[in-house]
Amino acid sequence: MNETGLSEEQIRNVLNDSKGQDLKYGRVLSSMCTYPHEIAVEAHMQFIESNMGDFGLFRGTYNLENEILGSLGDLLHHSEASGYMTTGGTESNIQAIRSMRNIFQRKDKCHRPNLVVPDSAHFSFDKVSDILDIELRKASLDKDLKVSIESVMSLIDENTIGLVAIAGSTEFGQVDQIDVLSDIAIKNNIFLHVDAAFGGFVLPFLEDSQEFDFSLPGVTSIAIDPHKMGLSTIPAGVLLFRSPDQLESLKADTPYLTVSTQYTLTGTRSGAAVAATWAVMNRLGKEGYRKVVSDCMSTTHYLLDRLAEIGVYPLIEPVMNVVALEIPEADLVRSRLAKEFNWQVSITQNPHGLRLVIMPHVTIEMLDSFVQDLKKVLDT
Ligand code: PLP
């Protein structure tokens, strides 16, 4: 830091230069985030100083958060769900599993707890394992890239605190058989966390939806991210629990704040993202999100048709707007697409393929140009 500050003009010049180095979403086919809705941006700026870490000072923002939790509880079929707004899927996953661990430890079990997750689980669960010292047991996937039920059952033992199911896997957009996992969780008297960080704002709005939420009795917590398909600003995640005891297990005393307890992982929390989420959810309503999802799915199907014309096919029929393509030497293709044509795509690990996420910023024109460039790469 300099002794004296820069002029506003100097600051703007540096910021403009840095912004110019950022990629625009116009060539990005790898991100699960997108441009936030304009009403979300407006609300974010209006509440920019609001700190939900000390919500006694920001009662209005706190009320907005409660309304969001109520609306998402309704959407996910449990209007009494309790929870809070997190910084995103990673924090929601950490806190969901921390709650399982805390409740498990209360039962005087002294062995190291384990958690059974699909092999397709987001890498945030590796962080969970490290932070909470929980053994992570990765269940293999079946031919549809859903978690194998046999594999899950074979990994459960007396120290298993819970299962994780994915509703919209990061790499494949696949949804596990959550109804079956719900039965298994109940039979074994363990928790079941559903990671719907991406799919939570997709599945309820698809024409052909499937049960993945609190309507299944074994589901005990859900992560759902407004800053992904919810079109809110970053950082906006939501963690919901079936029972207030689960949230209660995360309680910490906060003697010097206006409120005496906190359940969150972070202390200071963005009230701006809360206001943004409230604004976009209420502006769009279910009808608006149905349109967003339906447009993304039409664009996804358009892409599949265009890819079929050049002999490229998906590893599985996409369930949502995530497409994993069967492409030999996918790493090389990915780096050539970036170097030669400035396209940002990503990779799936197992099976190996090229991964595209068809977010609302992805247009038909973008995809026409992408398919042409992909063909050039594959032909040479
Ligand atoms: N869970 C799933 C299924 C995800 O796809 C992601 C991110 O893409 C996360 C969790 C982590 O979310 P975040 O990056 O918001 O922490």
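Above this text sits the structure in question.
Presented here is an overview of the structure given in this document. As the structure is a prediction and not an experimental result, all values here were calculated from the model.

As a further point, take the overall build of the protein chain. Assigned secondary structure in the protein chain consists of 11 helices and 13 strands. The C-alpha atoms of the protein chain give a radius of gyration of 22 Å, which matches the 21 Å a tight globule of 380 residues would have. Viewed in the frame of its principal axes, the protein chain has a C-alpha envelope of about 65 × 60 × 45 Å. Counting only residues that meet the buried cut, the protein chain has 53% of its 380 residues in that class. Contacts spanning at least 24 positions in sequence make up 72% of the contacts within the protein chain whose residues lie at least 6 apart. Per element, the accessible surface of the protein chain, about 17700 Å² overall, is 50% carbon and sulfur. Taken together, the 32 basic and 51 acidic charged side chains of the protein chain have centroids lying 1 Å from each other.

On the surface, Leu6, Ile11 and Leu15 cluster together into a nonpolar patch covering about 260 Å² of accessible area. Relative to the helices and strands, Ile11 resides in helix α1 (residues 8-21).

As a further point, take the sheet that holds strand β3 (residues 135-139). If you walk across this open sheet you meet the 7 strands as β1-β7-β6-β5-β4-β2-β3, and the pairing is mixed. Only two strands of the sheet have a single partner each, and these edge strands are β1 (82-86) and β3. In this sheet, neighbouring strand axes are inclined to one another by 20 degrees on average, regardless of whether the strands run parallel or antiparallel. In the sheet, strand β6 (residues 221-224) pairs with strand β7 (residues 237-241) via 4 bridges, with the strands oriented antiparallel. Its bridge partner being in β7, Ala223 is matched across the sheet by Leu239.

Rules used in this analysis
- Residues numbered from 1 in each chain as written.
- Predicted model: local features only at pLDDT ≥ 70, side-chain atom pairs only at ≥ 80, totals over all residues.
- Heavy atoms only, no water.
- Helix = DSSP H or I, 4+ residues; strand = E, 2+ residues; numbered from the N terminus.
- Rg over C-alpha atoms; globule rule 2.2 N^0.38 Å.
- Buried < 20%, exposed > 50% of the residue type's maximum accessible area, 1.4 Å probe, protein only.
- Contact = heavy atoms within 4.5 Å.
- Areas by Shrake-Rupley, 256 points an atom, 1.4 Å probe, with all protein chains shown as cover.
- Lys, Arg positive; Asp, Glu negative; His and termini not counted.
- Charge placed at Lys NZ, Arg CZ, Asp CG, Glu CD.
- Patch = residues over 30% accessible without salt bridge, like charges linked within 9 Å, V, L, I, M, F, W, Y side chains within 5 Å.
- Salt bridge = Lys/Arg side-chain N within 4 Å of Asp/Glu carboxyl O.
- Pairing = 2+ DSSP bridges.
- Axes fitted to C-alpha atoms, helices over the stretch in contact; angles between N-to-C directions.

So far we have only geometry, and geometry alone does not tell us how the molecule works.
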